[in-house]
Amino acid sequence: MASMKDISRVCGVSVATVSKALNNHKDISQETKSHIRQVAKELGYYPNSLARALKTNRTYNIGVLFTDEAGNGLTHDYFAGVLDSFKRTVEARGYDVTFLNASKNRKNRMTYLEHCRYRGFDGVMIANVDFYDPEVEELVKSDIRLVTIDHLFHDRAVIVSDNVRGMRELFTYIYEQGHRQIAYIHGANSTVTKSRISSFLKTAEELGVTVPEAYLQESAYRDTKGAGEATKKLLDLPNPPTCIIYPDDFSCFGGMNVIRERGLRIPEDISVAGYDGIRAGRHIEPQLTTLRQDTVQIGAQAGEKLISLIEKPRTTIIEPVIIRGEVYKGKTVRSI
């Protein structure tokens, strides 16, 4: 493998100049940088990660803590989009991504914090975990730089989808289509769920819409069976809703199946709306009405914020970054 000495000899410059060019120092002209980098490429030079870590006190490796009790893993449409955008962002800045071992069934496994120390992560992104897990809390309280998705910890960076605005805009759109009997099958207890329920009820109150207690049902996120059972309860009410909002698009598919099994048509007999804006919802018939979350921006902002914390810890402001979504009108909410 070629060394910087080999590059300096071919280019006729000092090793120091080669180092500056490869590390993009400003006191080297762009022409010189381009020439040195081209020679390095031709000679097959690759920087030694261990040497770079010793010199910069960084490993250029970022950890991702992502768990999913439902077992969906990276097939989780929403978080897959977020993680893909995050990965693209940090890799473009020269960082690698490594997933923390989230399985607690292995013998002699390390805690999340121990794993981070062992790998020497420069920072960690946390998404879709039990944020009240003692191991997660231990990691959050450590000195490791980190950013979370959709959960706020004191003095920690967080990227959140604007769930309050999102639910308000989705509810308002349904209201503007003439619906006054609007039900909400919400997800299990979490910060995201609480924000959406509060926004749902507050928007209903502001618009003068009465929401019976029976119109609020619970089903886990991405649980088509649970959403289907909750849908049955709503359809069996003496005064069923004219529109049902689901925890997410995927669970909405379960509700739609139950509605059709009852011989009802969507949206002619009953309207439905999802939440997330996954691609599959745009390829079913009729196209799903939903609140499309901006997974690209959420992931990109998480990556940029974490790298800023790593590279500029003293000047990076710790504050929530709120990413707005938008209503995708689709065709599953009828105008009445």
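Residues numbered from 1 in each chain as written. Predicted model: local features only at pLDDT ≥ 70, side-chain atom pairs only at ≥ 80, totals over all residues. Heavy atoms only, no water.

A. Geometry of the overall build of the protein chain. Secondary structure assignment for the protein chain yields 12 helices and 12 strands. With the C-alpha coordinates aligned to their principal axes, the bounding extent of the protein chain is approximately 85 × 45 × 35 Å. Taken over 336 residues, the protein chain has a buried fraction of 47%. Taking the contacts inside the protein chain whose residues are at least 6 apart along the sequence as the reference set, 68% of them involve residues at least 24 apart. Total accessible area on the protein chain is roughly 17,500 Å²; 48% of this is exposed by carbon and sulfur atoms. (Helix = DSSP H or I, 4+ residues; strand = E, 2+ residues; numbered from the N terminus. Buried < 20%, exposed > 50% of the residue type's maximum accessible area, 1.4 Å probe, protein only. Contact = heavy atoms within 4.5 Å. Areas by Shrake-Rupley, 256 points an atom, 1.4 Å probe, with all protein chains shown as cover.)

B. Summary view of helix H1 (residues 4–11). Within H1, burial applies to Ile 7, Ser 8 and Cys 11. Burial along H1 is one-sided: seen end-on, the buried residues are contained in an arc of 100°. Summarising the geometry of H1, the exposed residues directed more than 90 degrees from the buried face are Lys 5, Arg 9 and Val 10. Residues of H1 that are buried make contact with helix H2 (15–22) and helix H3 (30–43). After H1 finishes, the residue Gly 12 shows a positive phi value of roughly 70°. (Arc of directions from axis to C-beta.)

C. Here's a closer look at the nonpolar core. If you look at the biggest cluster of nonpolar residues, it comprises 25 residues, and the most contacted ones within it are Ile 62, Phe 86, Met 125, Ile 149, Ile 159 and Leu 306. Listing elements by their share of this core, those giving two or more residues are strand S1 (61–66), helix H5 (77–92), strand S3 (123–127), strand S4 (146–149), strand S5 (157–161), helix H12 (295–311) and strand S11 (320–323). Once residues within four sequence positions are removed from consideration, Ile 159 is found in contact with Val 147, Thr 148, Ile 149, Asp 150, Ile 298, Gln 301, Ala 302, Lys 305, Val 321 and Ile 323. (Core = buried A, V, L, I, M, F, W, Y, C linked by side-chain atoms within 4.5 Å.)

D. Broad picture of the sheet that holds S3. One open sheet accounts for six strands, arranged S2-S1-S3-S4-S5-S11; its pairing is parallel. Two strands in the sheet have a free side with no partner beyond their single neighbour: strand S2 (96–99) and S11. On average, adjacent strands in this sheet sit at an angle of 20° to one another, irrespective of strand direction. Of the strand pairs in this sheet, S1 and S2 are connected by four bridges, and their pairing is parallel. (Pairing = 2+ DSSP bridges. Axes fitted to C-alpha atoms, helices over the stretch in contact; angles between N-to-C directions.)

E. Structural view of the side chain of Asp 249. Checked against the element boundaries, Asp 249 lands in helix H11 (residues 249–261). Among buried Asp, Glu, Lys and Arg side chains, Asp 249 stands out as unpaired, with Arg 282 the closest opposite charge at 7.0 Å. At 2.7 Å, the side chain of Asp 249 forms a polar contact with the side chain of Thr 290. Once residues lying within four places of it in the same chain are set aside, the contact partners of Asp 249 are Gly 274, Tyr 275, Asp 276, Gly 277, Ile 278, Leu 288 and Thr 290. (Lys, Arg positive; Asp, Glu negative; His and termini not counted. Salt bridge = Lys/Arg side-chain N within 4 Å of Asp/Glu carboxyl O. Polar contact = N/O pair within 3.5 Å; in protein donor to acceptor, adjacent residues only side chain to side chain.)

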